[in-house]
Amino acid sequence: MSDVAAVASAVINMSLSNEDLKKMTTNKVEDNAVKDLHFLHINISGQKFIVSNQLIKSYPHSKFASPHLLADHWIEELNAFYFDRDPALFNAVLNILRYNVLNVPSGYDKELVMEEINFWNVPKEDVEGVQDDEELRLEAEFQWLENRIPPPPSGSSKFLELRYKCWCFITDPLGPYTEYRRMSIAYAVFSIVAVVLYMILYGIGTSPHYRVIDEHALPALYTNKTERTTNLDSAIDNLGCSQMPKISCYIRTTPLLWITYSKYALKFVFILETLIRLILCPGLAYFRSIITWIDIVAGIGALAAFAIEIVVVTKEIVGEAEMHLHYIVICLQSIQILRIFKIFQYASLIDGLMVMMLTLKACLKELFLLVMYLLIAMFIFATSVSFLELQSEMGVGVPDCVYGYWWAIITMTTVGYGDFYPSTVGGYFVGVLCAISGIILTALPVAIIGSHFNVYWEHNRKRRRLLFAALKKKHKQKNISAGTTTSDISKLNSQE
């Protein structure tokens, strides 16, 4: 058996010549057992595996690299080292040697794979990631949300390759094919800030404190130019619309000039970005996204609103036709609110946003059940309180079932506006039951949603670690290929 151990050692260390090996294995091992010293032949329950000697050397403390441990399993008839183990589990261990990632075979428990790892003395710290069927499913969901378009096939024209690189730059800052990642992240941050800024400008542009009377809307009301810039709060009486609907005063005023011009500039940026995406899109997958059509509809709405404003800006609002045009402009401007969904284009850049989206997607069934429970409880409590409030005075309590629906939802969600409330003893009793039931019903899915969130969050942390580890490795290899010295690499490691 000592001769066999020496053969195994020579197979691994390649320290002896073929002639010495043949002398040592004259009576124990056939000559063809050591015919090729670059590979190790292992038989696992009848299934033969050929493992590269170079691959084994990367794990010097494993059983693969231990000649004395292998020698006990040498079978001359099989011309290989025989182990009565599971071939699927052994193949999973080989994947660690190849990729440093362990994929748990379908139908096997993770504990069995870890036992196989211990049997072969593979250090667990060398395993960068362990993926079972559940984690593969989670990874598929993350990839679905990222919606990455595959690169063009090899041999494609330089134009297609350049277009794909530009596409990755503007859509996937952390993607595997994205170059100039820092600039891509900066572009994504700029796009998100632009969307948030537009929402802020749109909000303050609807406030009377930041609107002035439109001099083209009611020119007959002005006697001098100073009145044309009067703040809306102090000009409502002059407009004569203090008793009119808000929309009548709204269409006769415009936001301050700096708000209007800022919104025009941001709309131009959004439309330009949409056109660039349409030009650079390398496939039809981009048009299967809802956010794509939101961009297109919002861009068309912005152009249409701008065109209508040019037409009606010099006209006095005297008839229904002009009124309807202003209503259309307001509706088209309101469509721009949908641009807030553009933030989801960069969900891969914001960990919490991606995890929350996948959590809600996984909990749709539970959320649907919650809505159903709330609706059933709403009908029960609204009907009960409206019947018990029949003894109250007119104008007091909950008038009828219609208002009871509103009261029940507001009470069960613990909001309680106080616009409607019970005023009888029976109504008080129903109100207490309604509040307690709302707390219980809304708390039921919290644990389920929280468990899903934790699962997605932990998986996202793992894939982020693997992503940045791969980026660092790629960066180091690029520096080495460019002639970077060992000292430079050590400095890079210290900076990381």
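Reading guide: rules and limits
Numbering of residues starts from 1 in each chain and follows the order in which that chain's sequence is written. Per-residue local features of the predicted model are confined to residues with pLDDT of at least 70, and side-chain atom pairs are confined, for both listing and counting, to 80 or more; whole-chain, interface and lining totals are unaffected and use all residues. With hydrogens and water set aside, each side-chain value is computed from the structure's full complement of heavy atoms. Here a helix means four or more residues in a row that DSSP labels H or I, a strand means two or more in a row labelled E, and each is numbered from the N terminus. Burial classes: relative accessible area under 20% of the type maximum marks a residue as buried, over 50% as exposed, and values in between as partly exposed (1.4 Å probe, protein chains only). Two residues qualify as a contact provided that any one of their heavy atoms is within 4.5 Å of a heavy atom in the partner residue. Every accessible area reported is derived by Shrake-Rupley at a probe size of 1.4 Å, with residue values counting cover from the shown protein chains alone. The angle between two axes is taken between their N-to-C directions and runs from 0 to 180 degrees, where each axis is a line fitted to C-alpha atoms and a helix contributes only its stretch in contact. Working rule for angles: under 35 degrees goes down as roughly parallel, over 145 as roughly antiparallel, 65 to 115 as roughly perpendicular, anything else as oblique. What makes a crossing left-handed is the near helix being turned counterclockwise from the far one by less than a right angle; a clockwise turn instead makes it right-handed. Think of it as three bins: nonpolar holds Ala, Val, Leu, Ile, Met, Phe, Trp, Tyr, Cys and Pro, charged holds Asp, Glu, Lys and Arg, and polar takes everything else, Gly as well. Within 6.5 Å between ring centres, the rings of Phe, Tyr and Trp (the latter by its six-membered ring) count as paired, and their orientation is classed by plane angle as stacked under 30 degrees, edge-to-face over 60, tilted in between. Pairing between two strands requires that DSSP report at least two bridges joining them.

## Focus on the overall build of the protein
For step 1, the next point in the chain: Secondary structure assignment for the protein yields 19 helices and 8 strands.
For step 2, the next point in the chain: For the protein, buried positions account for 39% of its 496 residues.
For step 3, the next point in the chain: Residue pairs at least 24 apart in sequence account for 66% of intrachain contacts in the protein once pairs closer than 6 positions are excluded.
For step 4, the next point in the chain: Here the protein has roughly 28500 Å² of accessible surface; of this, 63% comes from carbon and sulfur atoms.

## With respect to unusual backbone geometry
For step 1, the next point in the chain: For Ser 45, which is not a glycine, the phi torsion comes out positive at approximately 55°.
For step 2, the next point in the chain: Assignment of secondary structure puts Ser 45 in the loop between strand E1 (39–44) and strand E2 (47–52).
For step 3, the next point in the chain: With a phi close to 55°, Asn 79 is a non-glycine residue in the positive phi region.

## Quick notes on the packing of helix H16 (residues 364–388) against helix H17 (residues 401–412)
For step 1, the next point in the chain: Contact geometry of H16 with H17 gives a least axis separation of 8 Å together with a crossing angle of 125°. Comparing their axes, H17 and H16 come out oblique. Of the two elements, H16 crosses H17, and the hand of that crossing is right-handed. For the pair formed by H16 and H17, the contact residues are Leu 374, Ala 377, Met 378, Phe 379, Phe 381, Ala 382, Thr 383, Val 385 and Ser 386 on the first element and Cys 401, Gly 404, Tyr 405, Trp 407, Ala 408, Ile 409 and Met 412 on the second.
For step 2, the next point in the chain: Its residues placed into classes, the contact of H16 with H17 shows 13 nonpolar, 3 polar and no charged.

## Here we look at the packing of aromatic side chains
For step 1, the next point in the chain: Within the structure shown, the criterion is met by 15 aromatic pairs.
For step 2, the next point in the chain: Ring centres 6.2 Å apart and planes at 85° place the aromatic pair Phe 83 and Phe 119 in the edge-to-face group. In this pair, Phe 83 is assigned in strand E4 (residues 80–83) and Phe 119 in helix H6 (residues 110–119), connecting sequence segments 36 residues apart.
For step 3, the next point in the chain: Residue classification places Phe 83 among the buried positions, given a relative accessible area of 1%.

## Things to note about the sheet that holds E2
For step 1, the next point in the chain: Reading across from one edge, E2-E1-E4-E3 is the order of the 4 strands in this open sheet, with mixed pairing throughout. Single-partner strands in this sheet number two, and they are E2 and strand E3 (74–75).

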